[in-house]
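Observations on the model geometry
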Amino acid sequence: MKQPIPHESRLSSTEVETHAEAFQKSREARRSELMEDYVELIADLIEHSGEARQIDIAQRLGVKQPTAAKMLKRLAEEGLITQRRYRGIFLTEDGQQLAEQTRRRHEIVEAFLCRLGVDPDTARADAEGIEHHVSEKTLKAFQRFLEKE
């Protein structure tokens, strides 16, 4: 028999607060998820091909160039990238730090999933979504698990 979903009026104030905090964290993660994906991709493009161009970013993310341009403008406003006319896109120090943090989270989540027995292709794809939503506390637990053995 299915258990009914608890209605907020039946939840204690602590439970309501906990739910609200969880939803707030999830909304914040969704907002930063795209920015993190762009910054991580820019770092990868620079590392592997020596430059990051708007057209390459749009193609790799499967979006149209105006969509990429809008996000790149936002990243510049946030101080994560610099753009120069007729030149590539460059990460600022803050952008580089964000790219490294995002890559680190992705690697830990992917390794954790593989250790659980998930095949590498699925782990890579799943880590792409999980990395943006995992808390630092959970990430540290994944890391401790990986360090065993």
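The name an unreviewed UniProt entry gives the chain is Transcriptional regulator MntR, with Agrobacterium cavarae as the organism. For the chain, the Subunit (unreviewed entry) comment in UniProt is given as "Homodimer."

**Some words on the nonpolar core**
If you look at the biggest cluster of nonpolar residues, it comprises 20 residues, and the most contacted ones within it are I42, I57, L72 and L75. Setting aside its immediate chain neighbours within four residues, L72 contacts Y38, I42, Q54, I57, I81, Q83 and I89. If you look at the next biggest cluster of nonpolar residues, it comprises 10 residues, including V109, F112, A123 and L139.

**With respect to the pattern of salt bridges**
Under the counting rule described, the total for this entry stands at eight salt bridges. A salt bridge links E47 to R103; the shortest N-O distance between them is 3.7 Å. Taken together, the positions of E47 in helix α1 (residues 13-49) and R103 in helix α4 (residues 93-115) put the pair 56 residues apart, joining distant regions of the chain. A salt bridge links R104 to E136; the nearest nitrogen and oxygen atoms lie 3.1 Å apart. Separated by 32 residues along the polypeptide, R104 in helix α4 and E136 in helix α6 (residues 136-147) bring together distant segments of the chain. The exposure class of R104 is partly exposed, given its relative accessible area of 37%.

Scoring rules and cut-offs
Numbering of residues starts from 1 in each chain and follows the order in which that chain's sequence is written. It should be noted that, the model being predicted, local features are given only for residues of pLDDT at least 70 and side-chain atom pairs only at 80 or more, the latter also being counted only at that level, while totals for whole chains, interfaces and linings use all residues. The side-chain figures draw on all heavy atoms in the structure; neither hydrogens nor water molecules are used. UniProt positions are given in the numbering used here, feature names are shortened, and annotations may be inferred rather than shown by experiment. Side-chain atoms within 4.5 Å are what join buried Ala, Val, Leu, Ile, Met, Phe, Trp, Tyr and Cys residues into a set we call a nonpolar core. Only protein chains enter the accessibility calculation, which uses a 1.4 Å probe; a residue is then buried when its area is under 20% of its type maximum, exposed when over 50%, and partly exposed in between. Contacts: residue pairs with any heavy atoms within 4.5 Å of one another. Should a side-chain nitrogen of Lys or Arg be within 4 Å of a carboxyl oxygen of Asp or Glu, the pair is scored as a salt bridge. By the criteria applied, helices consist of DSSP H or I runs no shorter than four residues and strands consist of E runs no shorter than two, each listed in order from the N terminus.

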